[in-house]
Amino acid sequence: MSKLPGTGPADDAPSKIPAKIEGVCVYCGSGKGRNPAYAIAARKLGKALADNGLRLIYGGGSLGLMGEVARSTLGAGGKVTGIIPEFLVNRERMLKDVDELIVVENMHTRKQLMFDRADAFVALPGGVGTLEELVEQLTWSQLGRHAKPIVIVNIDGFWNQFLALLEHMRQETFIREGLDVRFTVVDSGEAAVAAILAAATPAEPATEENVLERF
């Protein structure tokens, strides 16, 4: 039996939560959706990333929520890395204003590079592509391949049905002890950044003084 070399988190030893967050990968739709709150949340997320010195890593397009979050980050003085497969350059109208633009051969390379560059993941509303990317990160985390924070931005209940499906899977024991799915749910773009930073902040080491305060 031969073993082919692979790439990505499946090859790595289980990792710890990053001690410092520098790049945040945002998954979101190439459309804006019917609810104006989605675009507002994307713009607020972009500004919050820039205000906290976090680089946005995203799919490289200029349309929909992708364009909203990227332009908002840039407009607030932030850094943006766009990663887009060649066949989507025209379809998603590649945003050329970003300070780092990477054109790759295919979707697999795009997703791998986004993973490699990111210290955390955020899912805004989107379609099946957004869902697939989110679920992939949840799966890799579930299998212990990474411990990067994953945040779902549940604007006006957009993700409620998905969250209900995960709860149904728990009730049916397909998600069970040892196979937990770890993520944080927030209701705004700003809260997503706060959740990411909180997850990466190491707990204060115990000292004699703060131990005694508990008694």
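Every value quoted in this text rests on a predicted model; they were computed, and no experiment measured them.

Undergrad: Explain the confidence of the model for the protein chain to me, please; I cannot follow it from the model alone.
TA: Predicted coordinates in areas of low pLDDT are best not read in detail. The share of residues in the protein chain with pLDDT of 70 or more is 86%, and the mean pLDDT across the chain is 87. Counted against residues more than four places away or in other chains, residues 210-215, with its pLDDT under 50, gives two contacts.

Undergrad: Teacher, can you tell me more about the environment of K44 here?
TA: Tracing the sequence through the fold places K44 in helix α1 (residues 36-51). Residues K44 and E190 lie 146 residues apart in sequence; the distance between their C-alpha atoms is 6.3 Å.

Undergrad: Got a minute to help me understand the packing of aromatic side chains in this structure?
TA: Working definition: an aromatic ring pair is given by the centre-to-centre distance plus the angle between the planes. The full count for this structure, using the stated rule, is six aromatic pairs. Aromatic pair Y38 and F158: ring centres 5.6 Å apart, planes at 75°, arrangement edge-to-face. With a gap of 120 residues between them, Y38 in helix α1 and F158 in the loop between β6 (150-153) and α5 (160-171) connect regions that are remote in the sequence. Judged by relative accessible area, Y38 falls into the buried class, the value being 12%. For the ring pair F115 and F121, a centre distance of 5.9 Å and an interplane angle of 15° mean the geometry is stacked. For the pair shown, F115 and F121 are each scored as buried. Positioned above the aromatic ring of F115 is the side chain of K148, whose terminal nitrogen or guanidinium carbon lies 3.8 Å from the ring centre.

Undergrad: Can you help me understand helix α4 (residues 128-142) in this one?
TA: An α-helical turn contains 3.6 residues, so a residue and the one three or four places further along point in the same direction. The end-to-end C-alpha distance of α4 is 20 Å, a good match for the 21 Å that 15 residues give at a rise of 1.5 Å each. Residues of α4 that are buried include every one of T130, E133, L134, E136, Q137, L138, W140, S141 and Q142, and no others. Here the buried face of α4 lies against β1 (23-27), α3 (107-117), β5 (120-123), β6 and α5. Once α4 finishes, G144 follows within two positions and takes phi at roughly 80°, a positive value.

Cut-offs and rules
- Residues numbered from 1 in each chain as written.
- Predicted model: local features only at pLDDT ≥ 70, side-chain atom pairs only at ≥ 80, totals over all residues.
- Heavy atoms only, no water.
- pLDDT = per-residue confidence, 0-100.
- Contact = heavy atoms within 4.5 Å.
- Helix = DSSP H or I, 4+ residues; strand = E, 2+ residues; numbered from the N terminus.
- Phe/Tyr/Trp six-rings, centres within 6.5 Å; stacked < 30°, edge-to-face > 60°.
- Buried < 20%, exposed > 50% of the residue type's maximum accessible area, 1.4 Å probe, protein only.
- Lys NZ or Arg CZ within 6 Å of the ring centre and 35° of its normal.
- Expected span 1.5 Å × (residues − 1).

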